Amino acid sequence: MKNRENVFVDIDGTMNVFRKTDHYIIQKMFEKHKQVLICDKLLWKINELDLISNSMAIFKLRILIYSILSFTSYQRNLKRYEKLYLENTLEELDKNYLLHLSRLKELGYEIHLVTHNEFTRAFRHLFPIKVLKNKQDYVRTFHKDKKISYMIGNNYTDDLRTPIRLGIKTIYIGKSKIVREIIEGKAENFHDIENAVNFIITSSSKLKE
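Reading the values: the criteria
Residues numbered from 1 in each chain as written. Predicted model: local features only at pLDDT ≥ 70, side-chain atom pairs only at ≥ 80, totals over all residues. Heavy atoms only, no water. Helix = DSSP H or I, 4+ residues; strand = E, 2+ residues; numbered from the N terminus. Expected span 1.5 Å × (residues − 1). Contact = heavy atoms within 4.5 Å. Phe/Tyr/Trp six-rings, centres within 6.5 Å; stacked < 30°, edge-to-face > 60°. Buried < 20%, exposed > 50% of the residue type's maximum accessible area, 1.4 Å probe, protein only. Core = buried A, V, L, I, M, F, W, Y, C linked by side-chain atoms within 4.5 Å.

(A) Layout of helix H1 (residues 18-30). In this model H1 runs 18 Å from its N-terminal to its C-terminal C-alpha over 13 residues, within 8% of the 18 Å that 1.5 Å per residue would give. Buried residues along H1 sit against helix H2 (34-47), helix H3 (56-70) and helix H4 (74-106).

Below you can see the structure in the form of structure tokens.
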């Protein structure tokens, strides 16, 4: 590989099974508040469509609503969520980075973990993480100068729409039928990061032949 090629990878829902982690945290925090758990179940039905942006503003609004419904402190809930998130994310993130993304690094790819999640700043000494307010603008700006070879993500608005429009090779990690229909013929689709990495490695090998 003559020049280092850049691969952008989302974190939550792409590098980890965020749905499982989030369910565990919300259950632990609001187990005595059935109205919150019912609301959370409904909101996750929408979130599993992988269409609506997963910005920190939307996340904080969600915790605010849960705090109001449970008559608990918003600030305390936010801090507790962050603590539980960090405790229950590092191992999975570390495992998938070492097992899969490190294989791309060995081939000469430059890995960039891009996310809206402010909590992941705690991991920046371990992984190449960029916490972004506007992922689409960052992708556009970066691609103008250095070029992005692949974008891997699980959300259409945040991760897929812009790179597809820019002609970047895009990989969707997820099972949303709506997203799969939208990206058909425009992006690849796998259920996990391992298969996405296998695809890139196989594609790179074919280019060298």
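Having seen the structure, we can now continue with the description.
(B) Broad picture of the packing of aromatic side chains. On inspection of all chains with the given rule, the structure shows 13 aromatic pairs. Where Phe-30 meets Tyr-66, the ring centres are 5.9 Å apart and the plane angle is 80°; that geometry is what we call edge-to-face. In this pair, Phe-30 is assigned in helix H1 and Tyr-66 in helix H3, connecting sequence segments 36 residues apart. Both residues of the pair, Phe-30 and Tyr-66, count as buried. Residues Tyr-109 and Tyr-150 carry aromatic rings whose centres are separated by 6.5 Å and whose planes lie at 70° to one another, so their mutual orientation is edge-to-face. Placement of the pair is Tyr-109 in the loop between H4 and strand E2 (110-115) and Tyr-150 in strand E4 (residues 148-153), with a sequence separation of 41 residues. A relative accessible area of 2% means that Tyr-109 is categorised as buried. Three or more aromatic residues joined by ring pairs form one cluster here, namely Phe-18, Trp-44, Phe-59, Tyr-81, Tyr-85 and Phe-119.

(C) Structural detail: the nonpolar core. Counting 42 residues, the largest nonpolar core has Met-15, Tyr-81, Leu-101, Leu-104, Leu-113 and Ile-152 as the members making the most contacts within it. Ranked by residue count, the leading element in this core is H4, at 8 residues. When neighbours within four sequence positions are excluded, Leu-104 is seen to be in contact with Val-7, Tyr-109, Ile-111, Val-197, Ile-200 and Ile-201.

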